[in-house]
Amino acid sequence: MIERLQEPSCPMVAAHRGYKAAYPENTLLAFRKALELGVDMLEFDLRLSQDGEVVVIHDATLERTTSGSGEVRNHTLGELKTLDAGGWFAAEFEGLKIPTFAELCELLKAYPDVLCNVEIKPSPDARETADLAIAILKRYEYLPRCVFTCFDAEVLTYIYDTYGLKTQGFPGEKMSNFRSGDNGTYSKMWAIGIEMSWLTPESVDRYQDQGLLVWSYCPDQEDGVVRSLECGVTGMTCNDPLPALALCRGEKDSFI
């Protein structure tokens, strides 16, 4: 399934941590609302709890997006599930919880054509997180829907070399443990994400010449979407997918 992005009929639109602009990121609500918009892909972040459960959360620590404190990896799943993961965004979202990866996979059952950008967050247990996440995806038969992302080039290389799965990385300057050369990190990538401040037609051409799919992040207004398309990207990862969906699918009036 993921191979269809190599020859897209229209640019791919991915929801960054779900519909992050309007709902608390990395919650089931944010993912469901993004799916209801009709995005092509969900992007989300995975970490491990203290007792080895794969959970969906971006930060290594809990303070920014939950009512808890301390490192995610120092809390059991039971402890994490007692935390509020929505009230920090707005009072109306109080009571939302940190999802397990399995819970997100259950949500995706109703959307069999939606792709997944599975980001493994850099951490001491990132390889274990990748192993467990891949095992879950195998159980759900979702691996053909997935590309795997990590800012740690060693983790990205591990996923590519061990499992032969498609990966999305970043410019070498943005990654830790990046290796240059013919057999370096770029050779392990299938796609590359370029943030808007780095996006130019020349950078897109350079990476496309290396055989990489080039996606921008995060074009959240119409001008950013237009610039992404003018630069030649074939995918966009957005905090607010509405402008990209509207422009790419001819429904501009839907977000005005």
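All figures in this text were calculated on a predicted structure; none of them were measured in a lab.

Asks: Looking at this structure, I do not really get the nonpolar core. What am I missing?
Replies: Proteins that are soluble and globular tend to have nonpolar side chains buried together. Among the nonpolar cores identified, the biggest contains 64 residues, and Leu42, Phe44 and Phe101 are the most heavily contacted of them. The greatest single-element share of this core, amounting to 7 residues, is contributed by helix H4 (residues 126-140). Not counting the four nearest positions on each side in its chain, Phe101 is found in contact with Phe44, Leu46, Val54, Val55, Val56, Ala133, Ile136 and Leu137.

Asks: In this structure, what is going on with helix H3 (residues 101-108)? I would like to understand it.
Replies: Count 3.6 residues to each turn of an α-helix, and residues three or four apart come out pointing the same way. Buried within H3 we find Phe101, Leu104, Cys105, Leu107 and Leu108. The buried side chains of H3 occupy one side of the element, clustering within an arc of 155 degrees when seen end-on.

Asks: When you look at empty space enclosed by the protein in this model, what are you seeing that I'm missing?
Replies: The gaps left among the atoms become clear once a water-sized probe is rolled over them. Tallied over the full model, the rule gives 1 cavity of 30 Å³ or more. Estimated volume of the largest cavity: approximately 60 Å³. Tallied by class, the residues present in the lining of the largest cavity amount to 4 nonpolar, 4 polar and 1 charged.

Asks: Explain unusual backbone geometry here, please?
Replies: Comment: phi is negative for the bulk of residues other than glycine, and the bulk of peptide bonds are trans. A cis geometry characterises the amide bond from Tyr217 onward to Cys218, with omega recorded as -10 degrees. Backbone geometry places Arg17, a non-glycine residue, at a positive phi of 60 degrees. Relative to the assigned elements, Arg17 resides in the loop between strand S1 (12-16) and helix H1 (28-37). Taking relative accessible area as the criterion, Arg17 reaches 11% and is therefore assigned buried. Of note, the phi angle at Asn177 is positive, near 60 degrees, even though the residue is not glycine. Turning to its location among the elements, Asn177 is positioned in the loop between strand S6 (167-169) and strand S7 (191-195). Residue classification places Asn177 among the partly exposed residues on the basis of a relative accessible area of 39%.

What counts, and where the lines are drawn
- Residues numbered from 1 in each chain as written.
- Predicted model: local features only at pLDDT ≥ 70, side-chain atom pairs only at ≥ 80, totals over all residues.
- Heavy atoms only, no water.
- Core = buried A, V, L, I, M, F, W, Y, C linked by side-chain atoms within 4.5 Å.
- Buried < 20%, exposed > 50% of the residue type's maximum accessible area, 1.4 Å probe, protein only.
- Helix = DSSP H or I, 4+ residues; strand = E, 2+ residues; numbered from the N terminus.
- Contact = heavy atoms within 4.5 Å.
- Arc of directions from axis to C-beta.
- 1 Å grid on protein atoms, 1.4 Å probe; cavity = no way out; pocket = protein on both sides within 12 Å on 5 of 7 lines; lining within 4 Å.
- Points joined across faces, edges and corners; volume = space filled by probe spheres on them.
- Nonpolar A, V, L, I, M, F, W, Y, C, P; charged D, E, K, R; others polar.

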